[in-house]
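Below are the chains, spelled out letter by letter.
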Amino acid sequence: MSIRPDIALIKKWIKPHSRVLDLGCGDGTLLQLLRDELQVEGYGLEIDPENIIQCVHNGVNVIQQDLDQGLNNFHDQAFDYVIMTQTLQAVNFPDRLLQEMLRVGHEGIVTIPNFAYWKNRLQIGLAGHMPVSRHLPAAWYETENIHLCTLNDFEDLCRKLNIRIQERLVVDYAHRDQPVIRYFPNILGEIALYRCTRNL
Amino acid sequence: MPEQIPADSVGLIEPRQAVFEEPIDLVCGHTLPRYELVYETYGQLNSRRDNAILICHALSGHHHAAGYHSMDERKPGWWDSAIGPGKPFDTNRFFIVSSNNLGGCNGSTGPSDLNPETGRRYGPDFPFVTVKDWVTTQHRLMRHLGIDQWAAVIGGSLGGMQAIQWAIDYPDALRHCFAIAAAPRLSAQNIGFNEVARQAILSDPEFHGGHFYEHDTVPRRGLMLARMLGHITYLSDDAMRAKFGRELKQGRLGYGFDVEFQVESYLRYQGTSFVDRFDANTYLLMTKALDYFDPAAEFNDNLVAALRRAQAKFLVIAFTSDWRFSPARSGEIVQALVDARRAVTYAEVEANHGHDAFLMPITYYHEVLRAYMARIEQEGAAA
């Protein structure tokens, strides 16, 4: 089975034998891979019972917890990495969670769908509709994505919160890092991956 | 009475007795020269001897966790919903052991037995037993059965506390620890409820300082009150509302102290039927064992340090409406395990049954158990 492309990209940023917390870990695929290939000691937080059962099947340490309740149960700098793949836009307070991530973890790895992707712009600008796409498949009234943002928005927030972006990868739906995207990331990029730390 | 044994039942079960002539030094400082444990087993121990599971019981539980003792038995064992062929604790795959705790009143040595030193029944002279003592005796039972390591030690409520104590005291002797609807230690409120229950028994004139056997009586009222109080704490407000509401037994108010509301009738029934099957001295001892449970105490009140001794992987489960041992209490266990860098899975099950939910066949709860058991089977002893 081929591994999910975003997971392959994230894996490159993780050091072997590190300690990882995955916020909104889904079925535990990422943690399973990091455990099997990098001997990472990981825990995932997840709210959905179906996903939790899958995590249990996968032998992944999963903790049923609502991210909107915060991460109070984790100590400062308890993890080397705190990862959030396609989750930030679905929480109540993305700004608070982002800060919590970097309190609990030394590094934060965040992936977000870019709301300013050109096809999204077309749907709003020309058709006058909220975008529905491969990455944002749900209609506006049933989407879990209540805090969508663009690359610029996310990077503005990081500046405001004194978060340093160490690395950024902007890719298309298939998670290909196409050279053309690098010129106009906030238009051509569909998904962005960030590796960030606290500005000390 | 079962007309016929259901297909997913372990069937007719015969309890067995294990006799231990080796004295046991108890935490309270007393020594019991000998004792017996009654236990049941379901399923078969495999040739690698790596599929054995220990089930630990709660406050008023016993060894009879599944199946029937006879065709005349009205109800199956207390955790029959989870134990049997094809059930979450699948007896086609696992060898399950369930024993009655020391100090119990269902066949293991306890206060209602004869004290060999005096020739009288122990009564109040039976030494105080703790969760740690139970684990020591269960460990001896494990060796008695020729088992080197449990695939899992599993328990709900006070049973979950035994599972935690196992992981700390015998780190090599279990691969997985299930702490369901448990807590790392009791709160003041928990101890408060236990104390009221004990006072109900102790102040019953029929208690006779615990020597009621010799007076050919039992402290019925006290034990009944203790159970009625306990039962309220096992149910949630919502569950009681759904089950009884303010429904009246006779359809109208009688302006008297006889049973008027259905909930009164239910509690009285639970209380009186408990008196017929449980010993008052055992109830006192079991509530004390709950109060004393505090594995962190041996480690400077540091639960993380206590759990750092554990090698097992943990499954912690809590139920949303459980206010006796709420999800927040399970959260304390989970947090300490994460801090101790131990493997842990935590599921918080939506349920309105209160503390008793751990005995219910709730779909999500049982799915988690099934998935986890499948993983245990897959890993085998190699993991």
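Residues numbered from 1 in each chain as written. Chains lettered and ligands numbered in written order. Predicted model: local features only at pLDDT ≥ 70, side-chain atom pairs only at ≥ 80, totals over all residues. Heavy atoms only, no water.

Here the focus is the overall build of chain A. Within chain A, the regular secondary structure consists of eight helices and seven strands. Computed over the C-alpha atoms, the radius of gyration of chain A is 16 Å, within 12% of the 16 Å expected from 2.2 N^0.38 for a compact globule of 200 residues. A total of 200 residues make up chain A; the buried ones form 52% of that total. Contacts in chain A between residues at least 24 apart in sequence constitute 64% of all its contacts with a sequence separation of at least 6. (Helix = DSSP H or I, 4+ residues; strand = E, 2+ residues; numbered from the N terminus. Rg over C-alpha atoms; globule rule 2.2 N^0.38 Å. Buried < 20%, exposed > 50% of the residue type's maximum accessible area, 1.4 Å probe, protein only. Contact = heavy atoms within 4.5 Å.)

Our next topic: the packing of aromatic side chains. All names here are of chain B. According to the stated counting rule, one finds 23 aromatic pairs over all chains in the structure shown. Measuring from centroid to centroid gives 5.9 Å for Phe207 and Phe212, while their planes differ by 40 degrees, and the two rings are tilted. The buried category is assigned to Phe207, whose relative accessible area is 6%. With centroids separated by 5.5 Å and ring planes inclined at 80 degrees, the aromatic side chains of Phe274 and Tyr283 adopt a geometry described as edge-to-face. Exposure remark for Tyr283: the relative accessible area of 2% places this residue in the buried category. Just above the ring of Phe274 sits the side chain of Arg227; from NZ or CZ to the centre is 4.3 Å. Across from the ring centre of Phe325, 5.9 Å away, lies the NZ or CZ of Arg324, which sits over that ring. (Phe/Tyr/Trp six-rings, centres within 6.5 Å; stacked < 30°, edge-to-face > 60°. Lys NZ or Arg CZ within 6 Å of the ring centre and 35° of its normal.)

As a further point, take the pairing of strand 1 (residues 19–23) of chain A. Residue and element names in this part refer to chain A. By the criterion of burial, strand 1 is predominantly enclosed, with five of the five residues buried. Every second residue of strand 1 is oriented toward a common face, with Arg19, Leu21 and Leu23 on one face and Val20 and Asp22 on the other, all of them buried. Sheet analysis places strand 1 next to strand 2 (residues 41–46), joined by five bridges and oriented parallel. Paired with Val20 across the bridge in strand 2 is Gly42. Looking at chain direction, strand 1 and strand 4 (residues 79–85) are connected through three bridges and run parallel. For Val20, the partnering residue across the bridge sits in strand 4 and is Tyr81. (Pairing = 2+ DSSP bridges.)

Before going further, it helps to examine the nonpolar core. Core analysis: the largest hydrophobic core is formed by 111 residues, its most contacted members being Leu23(A), Leu98(A), Trp150(B) and Tyr283(B). Residues in contact with Leu23(A), not counting those within four places in the same chain, are Leu45(A), Leu67(A), Leu71(A), Val82(A), Ile83(A), Met84(A), Thr85(A), Thr87(A), Leu97(A) and Met101(A). (Core = buried A, V, L, I, M, F, W, Y, C linked by side-chain atoms within 4.5 Å.)

Here the focus is the packing of helix 3 (residues 49–57) of chain A against helix 10 (residues 363–379) of chain B. With their axes 8 Å apart at the nearest point, helix 3 of chain A and helix 10 of chain B run at an angle of 15 degrees to one another. The angle between helix 3 of chain A and helix 10 of chain B falls in the class roughly parallel. The chirality of how helix 3 of chain A crosses helix 10 of chain B is right-handed. Two secondary-structure elements touch here, helix 3 of chain A through Pro49(A), Ile52(A), Ile53(A), Val56(A) and His57(A) and helix 10 of chain B through Tyr364(B), Glu367(B), Val368(B), Ala371(B), Tyr372(B), Ala374(B) and Arg375(B). Tallied by class, the residues present in the contact of helix 3 of chain A with helix 10 of chain B amount to nine nonpolar, one polar and two charged. (Axes fitted to C-alpha atoms, helices over the stretch in contact; angles between N-to-C directions. Parallel < 35°, antiparallel > 145°, perpendicular 65-115°, else oblique. Left-handed = near helix turned anticlockwise from the far one by under 90°. Nonpolar A, V, L, I, M, F, W, Y, C, P; charged D, E, K, R; others polar.)

This part covers helix 10 of chain B. Residues and elements named next belong to chain B. When the terminal C-alpha atoms of helix 10 are compared, their 24 Å separation across 17 residues agrees well with the 24 Å that a helix rising 1.5 Å per residue should span. Along helix 10, the residues classified as buried are Tyr364, Tyr365, His366, Val368, Leu369, Ala371, Tyr372, Met373, Arg375 and Ile376. Of the residues trailing helix 10, Gly380 is marked for its positive phi of about 60 degrees. (Expected span 1.5 Å × (residues − 1).)

Here the focus is a negative patch on the surface. Together, Asp48(A), Glu50(A), Glu144(A) and Glu367(B) give the surface a local cluster of negative charge. Position of Glu50(A) relative to the elements: it lies in helix 3. Of the residues examined, Glu50(A) reaches a relative accessible area of 58% and is grouped as exposed. (Patch = residues over 30% accessible without salt bridge, like charges linked within 9 Å, V, L, I, M, F, W, Y side chains within 5 Å. Areas by Shrake-Rupley, 256 points an atom, 1.4 Å probe, with all protein chains shown as cover. Salt bridge = Lys/Arg side-chain N within 4 Å of Asp/Glu carboxyl O. Lys, Arg positive; Asp, Glu negative; His and termini not counted. Charge placed at Lys NZ, Arg CZ, Asp CG, Glu CD.)

A word on the interface of chain A and chain B. The interface is formed by 18 residues belonging to chain A together with 20 residues belonging to chain B. On inspection of chain A and its partner chain B, the count reaches one salt bridge. In this structure, the salt-bridge partner of Glu41(A) is Arg341(B), at a minimum N-O distance of 3.2 Å. Our enumeration of links across chain A and chain B arrives at nine residue pairs in polar contact (both at pLDDT 80 or more). Put simply, the parts of the chain that give the side of chain A that touches chain B at least two residues each are strand 2, helix 3 and strand 3 (62–64) of chain A. Per element, the largest residue contribution to the side of chain A that touches chain B is five residues, and it comes from helix 3 of chain A. In the side of chain A that touches chain B, the residues fall into ten nonpolar, six polar and two charged. (Polar contact = N/O pair within 3.5 Å; in protein donor to acceptor, adjacent residues only side chain to side chain.)

All right, on to the packing of helix 3 (residues 188–202) of chain B against helix 4 (residues 220–234) of chain B then. Residue and element names in this part refer to chain B. In contact at an axis separation of 7 Å, helix 3 and helix 4 are set at 160 degrees when each is read in the N-to-C sense. Relative to helix 4, helix 3 is oriented roughly antiparallel. In the packing of helix 3 onto helix 4, the handedness of the crossing is right-handed. Across from Phe193, Val196, Ala197, Ala200 and Ile201 in helix 3, the residues of helix 4 making contact are Gly222, Leu223, Leu225, Ala226, Leu229 and Thr233. Residues of the contact of helix 3 with helix 4, tallied by class, amount to nine nonpolar, two polar and no charged.

Moving on, we come to the environment of Leu307(B). All names here are of chain B. Locating Leu307 in the fold gives a position in helix 8 (residues 303–308). A relative accessible area of 1% means that Leu307 is categorised as buried. In sequence terms Leu307 and Ala336 are 29 residues apart; their C-alpha atoms lie 7.2 Å from each other.

For the rest of this paragraph, the subject is helix 3 of chain B. All names here are of chain B. For helix 3, built from 15 residues, the straight-helix expectation of 21 Å at 1.5 Å per residue is met to within 8% by its first-to-last C-alpha distance of 20 Å. Turning to helix 3, its buried residues number three or more, namely Asn190, Asn194, Ala197, Arg198, Ala200 and Ile201. Across the axial projection of helix 3, the buried residues extend over an arc of 155 degrees, all falling on one side. Its buried side turned inward, helix 3 meets helix 4, helix 7 (280–292) and helix 9 (327–339). (Arc of directions from axis to C-beta.)

Applying the stated criterion across every chain yields a total of 30 salt bridges over all chains. Here Arg195(A) and Glu167(A) are joined by a salt bridge, their closest N and O atoms 2.8 Å apart. Pair noted here: Arg195(A) is in strand 7 (residues 191–198) and Glu167(A) is in strand 6 (residues 163–171), with a separation of 28 residues, a long-range link. Judged by relative accessible area, Arg195(A) falls into the buried class, the value being 15%. Beyond isolated ion pairs, a larger network of salt bridges with shared partners links Arg19(A), Glu41(A) and Arg341(B).

In this section: unusual backbone geometry. Residues and elements named next belong to chain A. For His17, which is not a glycine, the phi torsion comes out positive at approximately 65 degrees. Tracing the backbone through its elements, the reader meets His17 in the loop between helix 1 (5–11) and strand 1. Positive phi, close to 55 degrees, is recorded for Gln77, a residue that is not glycine. Mapping Gln77 onto the fold places it in the loop between strand 3 and strand 4.

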